[in-house]
2 protein chains.
Amino acid sequence: MTTLSNGAAASEPAPERSRQWPTMVDVARASGASLKTVSRVVNGEPGVRPVTAERVQRAIAELGFQRNDGASMLRRGSSTASIGMVLEDFSGPFYAMLAGAVERVARDRGYLMLTGAAENDPERAARLVAAFTARRVDGLIVAASRADHSDLDDCIPAGTRAVFVDRPSRRGDADSVSSDNEGGTRAAVRHLVDLGHTSLGFLGADEHSWTIRRRLDGYRSAVRADPAIDPQSVERIAMGPHDDDTIAAAWSSWTSGDNPVTALVTANNRATLALVRFLRSHPEIRVGYVGFDDFEAAELIQPAVTVIAQDADEIGRRAAELLFDRIAGTAAAAQHVVIPTRLIQRDSGRR
Amino acid sequence: MTTLSNGAAASEPAPERSRQWPTMVDVARASGASLKTVSRVVNGEPGVRPVTAERVQRAIAELGFQRNDGASMLRRGSSTASIGMVLEDFSGPFYAMLAGAVERVARDRGYLMLTGAAENDPERAARLVAAFTARRVDGLIVAASRADHSDLDDCIPAGTRAVFVDRPSRRGDADSVSSDNEGGTRAAVRHLVDLGHTSLGFLGADEHSWTIRRRLDGYRSAVRADPAIDPQSVERIAMGPHDDDTIAAAWSSWTSGDNPVTALVTANNRATLALVRFLRSHPEIRVGYVGFDDFEAAELIQPAVTVIAQDADEIGRRAAELLFDRIAGTAAAAQHVVIPTRLIQRDSGRR
DNA sequence: TTGTATGCGTTATCAC
DNA sequence: GTGATAACGCATACAA
């Protein structure tokens, strides 16, 4: 049983000091080489006699030495080769794909990703950012788009690179990437009009969300711009979250007068699924609809749901690349990248 | 413009040395206090005169100082207060929920989570583990359940705490948490038999996956144990991945002889969706089925899909708690926690 | 080819 | 109360 430089026994992990790893000093002692020589071997530097290197390697293997990257980076003054990602939650398919895309880019560049969920709590988001910067991440991807989180922007130290997803930064100096939310709902409205609908409604979601408000803007502007659409449609807006009751209330109010609503645009996945569920329990209601955000089962539901699809993968990729450009030092003006949406026509548009 | 101790100007981030943060030495200089006094203030240690503390605080605010947690942890010899999570991918709903649950527990305990996806590549998984341990994470959650990843187990240094999700460790000394996969498919078979089916088939998935093999085991044992079931059912097994063609081939072979298959068990979400899609394009085929793993739209598809639901949230929570117990030093024998599955009866069982 | 001494940003010891 | 000084694990001038 070897005794380590820090006084612990190699085979017995100490309880509170997390775990005692062998250090380069231990390797040096075990191999009879000096600290510097060990360092050379570990970092693959030239100028070590093969025999010596061999001895050191053996000691490394025997002790199970692994370099402490934290200490290495501290001494080098180099970056931590890590980024932090704040997302709203993990389980939404959009955020999950986003995180996957970001991590892929990060990994390709040799970076590690720290991740945390804001879960609708601005304070939690702020704590995450603080924890990330305290660990000196090289950059931040902020994908927590609720307006409440905008205080977050001030928590990000000046000079810390950050890219915002689905919402621009309140401070204008940060890059952002988002879907073409307005264009998406505009396309949805156009599609419904093409199908013969002239009286529409908007089934919203969280009104504090920046994306949801952009989608609402798109709906409003498309409705206003088209003289064929009943102007009442501009006011037929029900923000969420929705369940059977809220949808029933909106529906009965929108169909009680003359020129009743015949088609809906839903603002996100949740709203779409709430509507589908509502229609299941009210088979007598016939309505055309287009949902924002695609989902795996959209084509399996009957009628298959026509959607405005976001390219979460592309959004994540672009956001990460933008961040790494910043990290590399590209000092250009803040960019606001808008990723196109795509209307996937299935059957739910006609009623 | 203040000049920092490391020679960079506060307002101009240096290009390659990632970013120059003010250090305690800078704060000390700016406030006229000593390094140790600054440290005391930063850490809330007693024995500082209020006036002095005030002066230091002001300097901290002015410089935008934030303690370098990496350096702090190095000096303290304390843990890094971080865990690493290796998952198969981000976008699968199961892994996404898992990651969310783990991060929630970690955050509650003041830990940060590093995450990376193995994406079917054993080498990538190994590199992730190496990167995590090089940063001295306090523990690992391994949720990469393909059998190919089992080499991974040897990459985890002895003494590094790890909890395996959905697969036990090859080295027996690590905790694991998984669904009751065998019990799940047994319940599925029982359900189908209750509905009157006596000739079954199994639509599998990746045969290298430990979970898929357990589900297959459950199917086989349930079929063998029940004399009411046609023994041919034990061999009616088609491993995946599946598309229309593979399912068509299996189906025609399983229904060509006498006592044709009338019901199927699908091994995971992907297989279930492939079957649903297949049945869409072959409306003449009528078959009962139960899918492993619930999905949001399962109740919206017609017929609504009966599933064996896994409790991903509970699995993640238990795995994380097990890990933190280990980190806290609870030195008990390795535990293998099995989380029950739940049959959610909808309509797809009867044909 | 190899080793010694110093410092990264922080905390701990101990003296003033 | 306060402040020199050493040390955490590692890399780097520079000397041998």
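Residues numbered from 1 in each chain as written. Chains lettered and ligands numbered in written order. Predicted model: local features only at pLDDT ≥ 70, side-chain atom pairs only at ≥ 80, totals over all residues. Heavy atoms only, no water.

## Overview of the overall build of chain A
- When its secondary structure is counted, chain A shows 12 helices and 12 strands.
- A globule of 351 residues ought to have a C-alpha radius of gyration of about 20 Å, yet chain A, at 28 Å, is considerably larger.
- Principal-axis analysis of the C-alpha atoms gives chain A an extent of 95 × 45 × 35 Å.
- A buried classification covers 56% of the 351 residues belonging to chain A.
- If you average the places of the 42 positive and of the 46 negative side-chain charges in chain A, the two averages end up 7 Å apart. (Helix = DSSP H or I, 4+ residues; strand = E, 2+ residues; numbered from the N terminus. Rg over C-alpha atoms; globule rule 2.2 N^0.38 Å. Buried < 20%, exposed > 50% of the residue type's maximum accessible area, 1.4 Å probe, protein only. Lys, Arg positive; Asp, Glu negative; His and termini not counted. Charge placed at Lys NZ, Arg CZ, Asp CG, Glu CD.)

## Thoughts on the protein's contact with DNA strand D
- Every one of the 25 residues lining DNA strand D counts as a neighbour, but Met24, Lys36 and Arg75 of chain A together with Arg40 and Arg75 of chain B are closest to it.
- Taking serine 34 of chain B, its main chain carries an N or O atom lying 3.0 Å from a phosphate oxygen of DNA strand D.
- Of all the secondary structure elements, the ones that give two or more residues to the surface near DNA strand D are α2 (35-42) and α4 (69-76) of chain A together with α2 (35-42) and α4 (69-76) of chain B.
- Of the residues forming the surface near DNA strand D, the biggest block, 4 residues, is contributed by α4 of chain A.
- The residue inventory of the surface near DNA strand D, partitioned by class, reads 7 nonpolar, 10 polar and 8 charged. (Near = heavy atom within 4 Å. Polar contact = N/O pair within 3.5 Å; in protein donor to acceptor, adjacent residues only side chain to side chain. Nonpolar A, V, L, I, M, F, W, Y, C, P; charged D, E, K, R; others polar.)

## Some remarks on the protein's contact with DNA strand C
- Near DNA strand C you find 25 residues, and of these Arg49, Thr52 and Arg75 of chain A together with Met24 and Arg75 of chain B are the closest.
- Considering the 4 Å shell around the protein, atoms of DNA strand C inside it are sugar or phosphate in 54% of instances.
- With respect to DNA strand C, the side chain of lysine 36 of chain B contributes an N or O atom lying 3.2 Å from a base nitrogen.
- Between DNA strand C and arginine 75 of chain B there is a distance of 2.6 Å, counted from a base oxygen to a side-chain nitrogen or oxygen.
- Every element with two or more residues in the surface near DNA strand C is listed here: α2 and α4 of chain A together with α2 and α4 of chain B.
- At 4 residues, α4 of chain B tops the list of elements feeding residues into the surface near DNA strand C.
- Here the residues of the surface near DNA strand C sort into 7 nonpolar, 10 polar and 8 charged.

## Some points on the sheet that holds strand β12 (residues 342-344) of chain A
All names here are of chain A.
- Strand order in this open sheet of 6 strands is β7-β6-β8-β9-β10-β12, and the pairing throughout is mixed. Edge positions in the sheet fall to β7 (237-238) and β12, since each has one partner strand and no second.
- Direction of pairing for strand β6 (residues 200-203) relative to β7: parallel, over a ladder of 2 bridges. Its bridge partner being in β7, phenylalanine 202 is matched across the sheet by isoleucine 237.
- Across the sheet, helix α8 (residues 181-194) lies against β6, β8 (263-266), β9 (288-292), β10 (306-309) and β12, angled at about 165° from β9, the strand it touches most. (Pairing = 2+ DSSP bridges. Contact = heavy atoms within 4.5 Å. Axes fitted to C-alpha atoms, helices over the stretch in contact; angles between N-to-C directions.)

## Some remarks on the confidence of the model for chain A
- Averaged over every residue, the pLDDT of chain A is 91; the share at 70 or more is 93%.
- Every residue in residues 1-16 of chain A is under pLDDT 50, and counting partners more than four places away or in other chains gives 25 contacts. (pLDDT = per-residue confidence, 0-100.)

## Brief notes about the pattern of salt bridges
- Inspection of the entire model under this criterion finds 39 salt bridges over all chains.
- In this structure, arginine 167 of chain A engages aspartate 153 of chain A in a salt bridge whose closest nitrogen and oxygen atoms are separated by 3.3 Å. A residue pair is termed long-range when its members are at least 10 positions apart, and arginine 167 of chain A in the loop between β4 (162-165) and β5 (175-179) and aspartate 153 of chain A in helix α7 (residues 152-155) qualify at 14 residues. The same class applies to arginine 167 of chain A as to aspartate 153 of chain A, namely buried.
- When the shortest N-O distance is used, the salt bridge between aspartate 154 of chain B and arginine 170 of chain B registers 2.6 Å. In this pair, aspartate 154 of chain B is assigned in helix α7 (residues 152-155) and arginine 170 of chain B in the loop between β4 (162-165) and β5 (175-179), connecting sequence segments 16 residues apart. (Salt bridge = Lys/Arg side-chain N within 4 Å of Asp/Glu carboxyl O.)

## Quick word on the interface of chain B and chain A
- The interface of chain B with chain A comprises 63 residues on the first partner and 63 residues on the second.
- Here chain B meets chain A over a buried area of about 5400 Å², counting both sides, of which 52% is carbon and sulfur.
- The largest contributions to the chain B side of the interface with chain A come from Arg135, Arg136 and Leu300 of chain B, which together make up 14% of the buried area.
- Scanning the region where chain B abuts chain A turns up 6 salt bridges.
- Among the ionic pairs, arginine 104 of chain A bridges to glutamate 119 of chain B, the shortest N-O distance being 2.9 Å.
- Only α4, α5 (93-108), β2 (112-117), α6 (122-134) and α11 (269-281) of chain B provide two or more residues apiece to the side of chain B that touches chain A.
- The residue makeup of the side of chain B that touches chain A, split by class, is 29 nonpolar, 16 polar and 18 charged.
- Relative to β2 of chain B, strand β2 (residues 112-117) of chain A runs antiparallel, the two sharing 3 bridges. Paired with threonine 115 of chain A across the bridge in β2 of chain B is methionine 113 of chain B. (Buried area = accessible area lost by both parts, 1.4 Å probe.)

## Quick word on the side chain of glutamine 310 of chain A
Residue and element names in this part refer to chain A.
- Among the structural elements, glutamine 310 can be located in the loop between β10 and α12 (312-328).
- By relative accessible area, glutamine 310 is classed as buried at 13%.
- Separated by 2.6 Å, the side chains of glutamine 310 and serine 179 make a polar contact.
- Ignoring anything within four residues of it in the chain, the contact list for glutamine 310 reads Phe94, Ser179, Asn181, Arg215, Phe292, Asp293 and Ile315.

## Quick look at the nonpolar core
- In terms of nonpolar packing, the biggest core is built from 62 residues, with Ile83 and Met85 of chain A together with Ile83 and Met85 of chain B touching the most fellow members.
- Leave out the neighbours within four places in its chain, and methionine 85 of chain B touches Leu98, Ala99, Val102, Met113, Leu114, Thr115, Gly116, Phe132, Ile141 and Ala143 of chain B.
- Membership of the second largest hydrophobic core comes to 52 residues, among which are Trp254 and Leu264 of chain A together with Leu264 and Leu275 of chain B. (Core = buried A, V, L, I, M, F, W, Y, C linked by side-chain atoms within 4.5 Å.)

## Overview of unusual backbone geometry
Residue and element names in this part refer to chain A.
- Put simply, glutamine 302 and proline 303 share a cis peptide bond, and its omega is -5°.
- Although it is not a glycine, glutamate 119 sits at a positive phi angle of roughly 45°.
- Inspection of the secondary structure assignment puts glutamate 119 in the loop between β2 and α6 (122-134).

## Comments concerning the side chain of asparagine 268 of chain A
Residue and element names in this part refer to chain A.
- Mapped onto the elements, asparagine 268 comes out in the loop between β8 and α11 (269-281).
- What makes asparagine 268 buried here is its relative accessible area of 18%.
- In this structure the side chain of asparagine 268 is engaged in a polar contact, spanning 2.9 Å, whose partner is the backbone nitrogen of alanine 271.
- Not counting residues up to four positions away in its chain, the partners in contact with asparagine 268 are Ala205, Ile212, Arg215 and Phe292.

## Considerations on the packing of helix α1 (residues 24-31) of chain B against α2 of chain B
Residue and element names in this part refer to chain B.
- For the pair α1 and α2, interaxial distance at closest approach is 8 Å and the crossing angle is 105°. Considering their axes alone, α1 and α2 lie roughly perpendicular with respect to each other. Contacts from Met24, Val25, Val27, Ala28 and Ser31 in α1 reach Leu35, Val38, Ser39 and Val42 in α2.
- For the contact of α1 with α2, the per-class residue count stands at 7 nonpolar, 2 polar and no charged. (Parallel < 35°, antiparallel > 145°, perpendicular 65-115°, else oblique.)

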